[in-house]
Amino acid sequence: MTDLTKLTLAAARKGLADKAFSATELTGAYLSAIDAANPKLNAYVAITREKALEDAAVSDKRLANGGAGPLEGIPLGIKDLFGTQGVHTQAASHILDGFKPEYESTVTANLWRDGAVMLGKLNMDEFAMGSSNETSYYGPVVNPWRSNGSNAQLVPGGSSGGSAAAVSAWLCAAATATDTGGSIRQPAAFTGTVGIKPTYGRCSRWGVVAFASSLDQAGPIARTVEDAAIMLTSMSGFDAKDSTSVDLAVPDFAAAVERGVKGLTIGIPREYRMDGMPDEIEALWKQGIDWMVAEGATIKDISLPHTKYALPAYYIVAPAEASSNLARYDGVKYGLRVTGKDITDMYELTRAKGFGAEVRRRLMIGTYVLSAGYYDAYYVRAQKVRTLIKRDFELAFADGVDAILTPATPSAAFGVGDEDMSADPVKMYLNDIFTVTVNMAGLPGIAVPAGKDAAGLPLGLQLIGKPFDEETLFAAGRVIERSAAIDFSPAKWW
Ligand code: GLN
């Protein structure tokens, strides 16, 4: 029998429907693959073997007797940020030690409603703060990709590094992820996978551990554009329990995938041509433009003049919201408690021990920018910048642009423990240069693998869309996927 883990989600779904194999067999194949790979890749922080096999048995009954959902029997990995009832949910933090929520996040509940099977919880940067998956309490995730002729470990990107590595290394058919400043798109680009951050409000944030609530969005990482579309259709939808969830019908995103880009206008923002951008990123971008033209799109040079303020403004807004959201972890209600001489001492000891260095840095920055006397100078100003960034995009779309094409990241995956990055947090933050604008404006963005660098590592392109027009992103993303025609399978070494 073919290796079931190598099937795309769409192909696995067809195989299940055709009774070529059972959900139990498919799930078993993934569990074996995880057992073999996880000691080396560290993508999963919890494997829910019994639950997976029980879910798969239920799916097999439904597949046999009717009533199968759109994801019936499809084994998925779930980012550790999603609350899963009775199952390890720690946002890869020490402070949530032992936390097993009483509730299920709306997004994961939607996936189970549609028949999906949970394989386990995926590693990530602690509280989703990071771009390399090195801030996890559980240690770094290793990218399944290696540079040609090298055995050096590379990062899978972050914060959804476990999701991206697991999808790329065939340890789940697809995964959930979240994106506050690029955490779906950057790891997708680093691992040759497809990741989409939908419009803010498309997926419910209910039951997802909050980082920066005005920026956080859930979305899928998958192996193909079609698989990402199938996942997003199930994950999306209005939820009265999230006041920022938008009450709009969810299209069948998969139906938009083969629409093409004929007649569309694709904007190319001049401000994304950064100083010192590697030639291969520039060349990839040019290649993407040529593919769009070859498929009948019109290219338009556009200006998004406030782009240069996006990263500094993001690194004020996101820590500010985080400092407020993470105030709840005090040793009283959740996880870790370090006892002290009185309650204040207990709070302080618990938070000092429970949060890692990057989270502590963000909390200090956030508390500072929100404090009396600095609030207007930093937080209010960053919010004004945010409005200007949003307006830049609105003007481009009002001027006839249907989607915007940019690189996804300024480089390919870098090394685990890279000294430049760990010595200087700002260098790490620069990874988000092409992605944070999209969160600041609340827009949808997709990263699609489009080429490889000189060392053979995957590189991605990003498409940014109008609010709630993910369909155009799937259609244009598919054009990139089809035109690149590259097999983005890492050479197996684990
Ligand atoms: N890398 C960014 C940060 O560290 C984005 C993280 C995310 O999207 N969750 O904040």
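Here the focus is the overall build of the protein chain. Within the protein chain, the secondary structure is distributed over 16 helices and 11 strands. Its C-alpha atoms give the protein chain a radius of gyration of 21 Å, near enough to 23 Å, the size a compact globule of 494 residues would have. Considering only C-alpha atoms, the protein chain reaches an extent of 65 × 55 × 50 Å along its principal axes. A buried classification covers 61% of the 494 residues belonging to the protein chain. When contacts within the protein chain are restricted to residue pairs at least 6 apart in sequence, those whose partners lie at least 24 apart make up 76%. Of the roughly 17900 Å² of accessible surface on the protein chain, a fraction of 53% belongs to carbon and sulfur atoms.

In the neighbourhood of the ligand, 15 residues make up the surrounding shell, with Thr180, Gly181, Ser183, Tyr314 and Arg362 lying closest. Note that a nitrogen atom of the ligand is positioned 2.8 Å from one of the side-chain N or O atoms of Ser131. With respect to the ligand, the side chain of Asp432 contributes an N or O atom lying 2.9 Å from a nitrogen atom. Look at the ligand: alone it shows 290 Å² of surface, and the protein chains cover 100% of it. Grouping the constituent residues of the shell around the ligand by class yields 5 nonpolar, 7 polar and 3 charged.

Let us look at the confidence of the model for the protein chain. The predicted model of the protein chain averages 97 in pLDDT, with 100% of residues at 70 or higher. When pLDDT is averaged over each helix and strand of the protein chain, the minimum, 83, is found for helix α13 (residues 419-423) and the maximum, 99, for strand β5 (residues 194-197).

So, about the nonpolar core. Note on soluble globular proteins: their nonpolar side chains tend to be buried together. Among the nonpolar cores identified, the biggest contains 152 residues, and Phe127, Phe393, Leu405 and Phe474 are the most heavily contacted of them. Ignoring sequence-local partners within four residues, the contact set of Leu405 consists of Ile266, Gly267, Ile268, Pro269, Trp285, Gly288, Ile289, Met292, Leu461, Gln462, Leu463 and Ile480.

Next up on the list: the side chain of Arg185. Within the secondary structure layout, Arg185 lies in helix α6 (residues 185-191). Among the residues examined, Arg185 registers a relative accessible area of 0% and is labelled buried. Separated by 2.6 Å, the side chains of Arg185 and Asn439 make a polar contact. Residue contacts for Arg185: discarding those within four places in its chain leaves Asp179, Gly195, Lys197, Thr435, Val438, Asn439, Gly445, Ile446, Ala447 and Gln462.

Glancing now at the sheet that holds strand β8 (residues 298-302). Pairing is mixed across the open sheet formed by 11 strands, whose spatial order is β1-β3-β2-β4-β6-β5-β10-β11-β9-β7-β8. Only two strands of the sheet have a single neighbouring strand rather than two, namely β1 (44-47) and β8. When the angles between neighbouring strand axes are averaged without regard to direction, this sheet yields 30°. On the sheet, helix α3 (residues 49-65) packs against β1 and β3 (117-122) and is oriented at approximately 155° with respect to β3.

Further remarks concern the packing of aromatic side chains. One pass over the full model with this rule turns up 18 aromatic pairs. Measuring from centroid to centroid gives 6.3 Å for Tyr374 and Tyr378, while their planes differ by 35°, and the two rings are tilted. Tyr374 sits in the partly exposed class, given a relative accessible area of 36%. Over the face of the ring belonging to Trp170 we find Lys6, whose NZ or CZ atom lies 4.5 Å from the ring centre.

As a further point, take helix α8 (residues 279-294). Given a rise of 1.5 Å per residue, 16 residues ought to cover 22 Å, and the 22 Å separating the end C-alpha atoms of α8 matches this to within 8%. Within α8, burial applies to Ile281, Leu284, Trp285, Gly288, Ile289, Trp291 and Met292. Projected down its long axis, α8 shows its buried positions confined to an angular sector of 160°, all on one face. Away from the buried face of α8 by more than 90 degrees, exposed residues Asp279 and Ala294 are located. Along its buried surface, α8 packs onto β7 (265-269), β8, β9 (403-407), β10 (445-452), β11 (458-465) and α16 (470-484).

Here the focus is the pattern of salt bridges. Applying the stated criterion to the full structure yields 22 salt bridges. Residues Glu358 and Arg361 are paired through a salt bridge, measuring 2.8 Å at the closest nitrogen-oxygen approach. With Glu358 and Arg361 both in helix α11 (residues 357-370) and 3 residues apart, the pair spans about one turn of that helix. Residue class for Arg361 comes out partly exposed when judged on its relative accessible area of 34%. With a shortest N-O distance of 2.7 Å, Arg362 and Glu358 are connected by a salt bridge. With Arg362 and Glu358 both in helix α11 and 4 residues apart, this pair spans about one turn of that helix. Assigned by exposure class, Arg362 and Glu358 land together as buried.

Once that is clear, we can look at the packing of helix α4 (residues 106-113) against helix α7 (residues 225-235). The N-to-C vectors of α4 and α7 enclose an angle of 110°; their axes lie 8 Å apart at closest approach. Here α7 runs roughly perpendicular to α4, going by the angle between their axes. The segment α4 lies against α7, with Val107, Asn110, Leu111 and Arg113 engaging Met231, Ser234 and Met235. Tallied by class, the residues present in the contact of α4 with α7 amount to 4 nonpolar, 2 polar and 1 charged.

So, on to helix α1 (residues 9-17). When α1 is considered as a whole, its buried residues turn out to be Leu9, Ala10, Ala12, Gly15 and Leu16. The elements touched by buried residues of α1 are α2 (23-41), α3, β4 (174-179) and α7. In the segment just after α1, Lys19 is the residue with positive phi, at about 60°.

Okay, unusual backbone geometry next. Put simply, Gly158 and Ser159 share a cis peptide bond, and its omega is 5°. Looking at the secondary structure, you find Ser159 in the loop between β3 and α5 (161-168). One non-glycine residue, Trp170, lies in positive phi territory at about 65°. You can see Trp170 is positioned in the loop between α5 and β4.

Conventions adopted
- Residues numbered from 1 in each chain as written.
- Predicted model: local features only at pLDDT ≥ 70, side-chain atom pairs only at ≥ 80, totals over all residues.
- Heavy atoms only, no water.
- Helix = DSSP H or I, 4+ residues; strand = E, 2+ residues; numbered from the N terminus.
- Rg over C-alpha atoms; globule rule 2.2 N^0.38 Å.
- Buried < 20%, exposed > 50% of the residue type's maximum accessible area, 1.4 Å probe, protein only.
- Contact = heavy atoms within 4.5 Å.
- Areas by Shrake-Rupley, 256 points an atom, 1.4 Å probe, with all protein chains shown as cover.
- Near = heavy atom within 4 Å.
- Polar contact = N/O pair within 3.5 Å; in protein donor to acceptor, adjacent residues only side chain to side chain.
- Nonpolar A, V, L, I, M, F, W, Y, C, P; charged D, E, K, R; others polar.
- pLDDT = per-residue confidence, 0-100.
- Core = buried A, V, L, I, M, F, W, Y, C linked by side-chain atoms within 4.5 Å.
- Pairing = 2+ DSSP bridges.
- Axes fitted to C-alpha atoms, helices over the stretch in contact; angles between N-to-C directions.
- Phe/Tyr/Trp six-rings, centres within 6.5 Å; stacked < 30°, edge-to-face > 60°.
- Lys NZ or Arg CZ within 6 Å of the ring centre and 35° of its normal.
- Expected span 1.5 Å × (residues − 1).
- Arc of directions from axis to C-beta.
- Salt bridge = Lys/Arg side-chain N within 4 Å of Asp/Glu carboxyl O.
- Parallel < 35°, antiparallel > 145°, perpendicular 65-115°, else oblique.

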